[in-house]
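As a plain string of letters, each chain reads:
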Amino acid sequence: MRLTRTVSPAAFVAVLLAGCARPGATPAPSASPVPPASAAPAPAAPAPAAGSTATGTTAARAAAVVPNPNAPKVLVIATGGTIAGVQNAPGTLGSYRAGTLTAEQITASVPELARYARVETEQFSNVASTLVTPEMWVQLAKRINTVLQRGDLAGVVVTHGTDRLEETAFFLYLTVRSSKPVVVVGAQRPATGISPDGPINLLSAVRTAASPKAVQKGVMVVMDDRILSARESRKLYQRTGGFSTGDMGMLGVVASQGPEFFFAPVRRFGERSEFDLDGVDTLPKVELTMSYPGGTGQTFTTNPQGVVVATTGMTAAESATYRALRQTGVVVVTSFTSGENVNGGGGGGDGPPVPARTDTTARRDSVARPAAAPVPPVPPAVVALHLTPTKARILLMVALTKTKNPREVQRIFNEY
Ligand code: SIN
């Protein structure tokens, strides 16, 4: 049994009022997922819940909602973040504590959800997203894979801090093996702040997760009325509207009449994903490093199985360092910092596979060497096309659960 609850519209108001009656008891964020309900202490009601500074307003909104008894069921899994953030001085622009409100309190602040979905809630963790670990990604993905097997569940919404939202969303994109929608959502302003964006983002996320149009679109990030593929979404800045897909475009929008899709992702994800987390609890260690003018490359004491180098072209010294690393069996991936390496080889597009081009600097160096110098055979580097270095790291971690062969890793990078 998990800490799962079905939230009725009447309960929305009751939960808000309960939140108001017991102010000040802010639970300490925990870096681990919340234990099953039987073992979990009753969540303490924190400082005023979202919307509870205007409880009358929320109550009036709840009273105006005609719940749809036939609406699809959506499970909201809360992990923490600003969307669950509470300020010391609510209703200001002041500082706040992320990961404070519970899943129930967050959904309670948006009674309109009942028009579009029968919402259930589950508390996975309640932390700032900087505390989210790869082990938590694995547990979260396993949990979502399990609940999506329920025939009565249309989709899942994950509430999450925005600092690390794009990473969790991309991990889920690779490892949730279902055609049902999974939507990750956050907020840039705390729930108690002036004009919080969490409630409208949550409404858009739930409407998307409940929509048959969102089936087979993979894991999405829905914020600021935009529907973004988790593969391409990035936090560009810390204000509302800060999530973008750059040149890759958005999948659709959440309009007043509901989600509208313009595009569907065509790469591998969801049901077509080959990544099975059964038996996986931890992910292979992968380091991430930058290349820069004058750089000599980085060596690691952490014994990684893989290294991602953010680069648009390496120095000769960097190239030598990473070539030596490859020779020890470490899989090295190069990725543009922008994530927009759309012409980098690797065979991702139409036509015959193109050999990886990461060692071009090394080949140029070799021109300067004595003609007789032997060039040792080295395992090829892998090119990450259209992926930011942080996302390339996640794909490499997942790929290494299956293979350490760099050619096979390149195949994975071409397909996902
Ligand atoms: C966090 O990532 O937990 C805090 C920042 C945010 O959610 O916007």
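Reading the values: the criteria
Residues numbered from 1 in each chain as written. Predicted model: local features only at pLDDT ≥ 70, side-chain atom pairs only at ≥ 80, totals over all residues. Heavy atoms only, no water. Near = heavy atom within 4 Å. Polar contact = N/O pair within 3.5 Å; in protein donor to acceptor, adjacent residues only side chain to side chain. Areas by Shrake-Rupley, 256 points an atom, 1.4 Å probe, with all protein chains shown as cover. Nonpolar A, V, L, I, M, F, W, Y, C, P; charged D, E, K, R; others polar. Phe/Tyr/Trp six-rings, centres within 6.5 Å; stacked < 30°, edge-to-face > 60°. Lys NZ or Arg CZ within 6 Å of the ring centre and 35° of its normal. Pairing = 2+ DSSP bridges. Helix = DSSP H or I, 4+ residues; strand = E, 2+ residues; numbered from the N terminus. Axes fitted to C-alpha atoms, helices over the stretch in contact; angles between N-to-C directions. Contact = heavy atoms within 4.5 Å.

Taken together, Gly 81, Thr 82, Ala 128, Ser 129, Gly 161, Thr 162, Asp 163 and Ala 187 make up the full set of residues near the ligand. Ser 129 has a polar side-chain atom sitting 2.5 Å from an oxygen atom of the ligand. In this structure, an oxygen atom belonging to the ligand sits 2.4 Å away from a side-chain N or O atom of Thr 162. Burial of the ligand by the protein amounts to 95% of the accessible area it has alone, namely 250 Å². Split by residue class, the shell around the ligand holds 2 nonpolar, 5 polar and 1 charged.

Applying the stated criterion to the full structure yields 4 aromatic pairs. Cluster of aromatic residues (ring-pair linked, three or more members): Phe 170, Tyr 173 and Phe 269. In this structure, Arg 207 is placed above the aromatic ring of Tyr 116, and the distance from its NZ or CZ to the ring centre is 4.1 Å. When the ring centre of Phe 261 is taken as origin, the NZ or CZ atom of Lys 217, which lies over that ring, is 4.7 Å away.

Read across the open sheet, the 4 strands follow the order β14-β15-β16-β17; overall the sheet is parallel. At either margin of the open sheet sits one strand with a lone partner, and together these are β14 (286–290) and β17 (382–384). Direction aside, the axes of adjacent strands within the sheet are offset by 25 degrees on average. In the packing of helix α8 (residues 316–327) onto the sheet, the strands contacted are β14, β15 (306–310) and β16 (331–335), and the crossing angle to β16 comes to about 145 degrees. Contacting β16 and β17, helix α11 (residues 406–415) crosses the sheet at an angle of about 15 degrees to β17.

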